[in-house]
Amino acid sequence: MSVTTTGQDYLSMAIDIATTNVHNAGGPFGAVVVTADGQIFEGVNRVTANNDPSAHAEVVAIRTAVAALGTFDLSGCVLYSSCEPCPMCLATSLWARIGKVFFAANRHDAAAAGFDDAVFYEYFEAKSNRSLMPVNCFQSESNEHLKPFKAWDSQESRTDY
């Protein structure tokens, strides 16, 4: 008799590792990346423990998966998270080519616990005035800003992504 692991099982796993992480000086977030063949890669929030603002559970799980698999392309993988991924984690999932994302708690649940990412979601809305962090483009008339792309285009041994 075989046991089939379900999406709910993976979500429960993410919730369990998030809960354990709280007792290990980490934040209350956990995530697992599951490959098409069933390999599991875990990540927990280590932002304050590591003084790394990018060490969100989803990003850590993705970093663990790509390191173990030897690829930056996680096509066919599914990300399960104990909480709704923030914009950074969603962008990382997109760059990693994650196929699907499932989460348990939502951003409002996180906000009620003191983790309010609303300002970050709003930053990317079309009507945002970007006052939180202005971002500006300065290009020289000499087209110096294109040098890295020209070098990339001329590199025959590059790995496209």
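Not measured: the values here are computed from a predicted model.

The rules behind each value
- Residues numbered from 1 in each chain as written.
- Predicted model: local features only at pLDDT ≥ 70, side-chain atom pairs only at ≥ 80, totals over all residues.
- Heavy atoms only, no water.
- Pairing = 2+ DSSP bridges.
- Helix = DSSP H or I, 4+ residues; strand = E, 2+ residues; numbered from the N terminus.
- Axes fitted to C-alpha atoms, helices over the stretch in contact; angles between N-to-C directions.
- Contact = heavy atoms within 4.5 Å.
- Buried < 20%, exposed > 50% of the residue type's maximum accessible area, 1.4 Å probe, protein only.
- Polar contact = N/O pair within 3.5 Å; in protein donor to acceptor, adjacent residues only side chain to side chain.
- Disulfide = S-S within 2.5 Å.
- Core = buried A, V, L, I, M, F, W, Y, C linked by side-chain atoms within 4.5 Å.
- Expected span 1.5 Å × (residues − 1).
- Arc of directions from axis to C-beta.
- UniProt positions renumbered as here; feature names shortened; annotations may be inferred.
- Parallel < 35°, antiparallel > 145°, perpendicular 65-115°, else oblique.
- Left-handed = near helix turned anticlockwise from the far one by under 90°.

Student: Would you mind going over the sheet that holds strand E3 (residues 78-83) with me for this structure?
Tutor: Paired through backbone hydrogen bonds, the strands of a sheet run either parallel or antiparallel to each other. Strand order in this open sheet of 4 strands is E2-E1-E3-E4, and the pairing throughout is mixed. Two strands lie at the open edges of the sheet, namely strand E2 (40-44) and strand E4 (100-105), each paired on one side alone. Between one strand and the next, the sheet's axes are offset by a mean angle of 15 degrees, whatever the strand orientation. Bridge count between strand E1 (residues 30-34) and E3: 4 bridges; the pairing is antiparallel. Paired with Val34 across the strands is Val78, a residue of E3. Its contacts with the sheet place helix H3 (residues 57-69) against E1, E2 and E3, and it is angled at close to 145 degrees to E2.

Student: What is the right way to read the environment of Asn129 from this model?
Tutor: Along the chain, Asn129 turns up in the loop between helix H6 (118-123) and helix H7 (147-154). Looking at Asn129, the relative accessible area reads 61%, which means it is exposed. Reaching out from Asn129, the side chain makes a polar contact with the backbone nitrogen of Ser131 at a distance of 2.9 Å.

Student: Where do I start with the state of the cysteines in this structure?
Tutor: One covalent bond between the sulfur atoms of two cysteine residues makes up a disulfide. With the rule as written, the count across this model stands at 0 disulfides. Cys89 supplies the cysteine sulfur nearest to Cys77, a cysteine that is in no disulfide, at a spacing of 16 Å. Assessed through its relative accessible area of 4%, Cys77 is described here as buried. Left without a disulfide partner, Cys83 is nearest to the cysteine sulfur of Cys86, which lies 9.5 Å away.

Student: Any chance you could explain the nonpolar core here in plain terms?
Tutor: Most often, soluble globular proteins keep nonpolar side chains buried together rather than apart. Counting residues in each nonpolar core, the largest one holds 15 residues, and the members touching the most others are Val33, Ile62, Leu74 and Ile98. Mapped onto this core, the elements with two or more residues apiece are E1, H3 and E3. The dominant element in this core, judged by the number of residues it contributes, is H3, at 4 residues. Of all hydrophobic cores here, the second largest spans 7 residues; its members include Tyr10, Leu11, Val34 and Val78.

Student: Please clarify how helix H1 (residues 7-22) should be interpreted in this entry.
Tutor: Helical geometry note: an α-helix holds 3.6 residues per turn, so side chains three or four residues apart project in the same direction. The end-to-end C-alpha distance of H1, which contains 16 residues, comes to 23 Å, matching closely the 22 Å that a straight helix rising 1.5 Å per residue would cover. Residues Tyr10, Leu11, Ala14, Ile17, Ala18 and Asn21 constitute the buried set of H1. Buried residues of H1, viewed axially, fall in a sector of 125 degrees; they line one side. Where H1 is buried, its residues meet E1, E2, E3 and E4.

Student: What is the right way to look at the UniProt feature "domain: CMP/dCMP-type deaminase" (unreviewed entry) in the protein in this model?
Tutor: Sites flagged by UniProt as "domain: CMP/dCMP-type deaminase" (unreviewed entry) map to residues 5-116. Between the C-alpha atoms that bound residues 5-116 there is a distance of 32 Å. The span itself is 43% helix and 20% strand.

Student: Help me understand the packing of H3 against helix H4 (residues 87-95), please; the structure alone is not making it clear to me.
Tutor: Any two packed helices are characterised by how steeply their axes cross, that is the angle between the axes, and by the distance between the axes. At a minimum axis separation of 8 Å, H3 and H4 run at an interaxial angle of 25 degrees. As far as their axial angle goes, H4 and H3 are roughly parallel. With respect to the hand of their crossing, H3 and H4 are arranged in left-handed fashion. The segment H3 lies against H4, with Glu58, Val59 and Ile62 engaging Met88, Cys89, Thr92 and Ser93.

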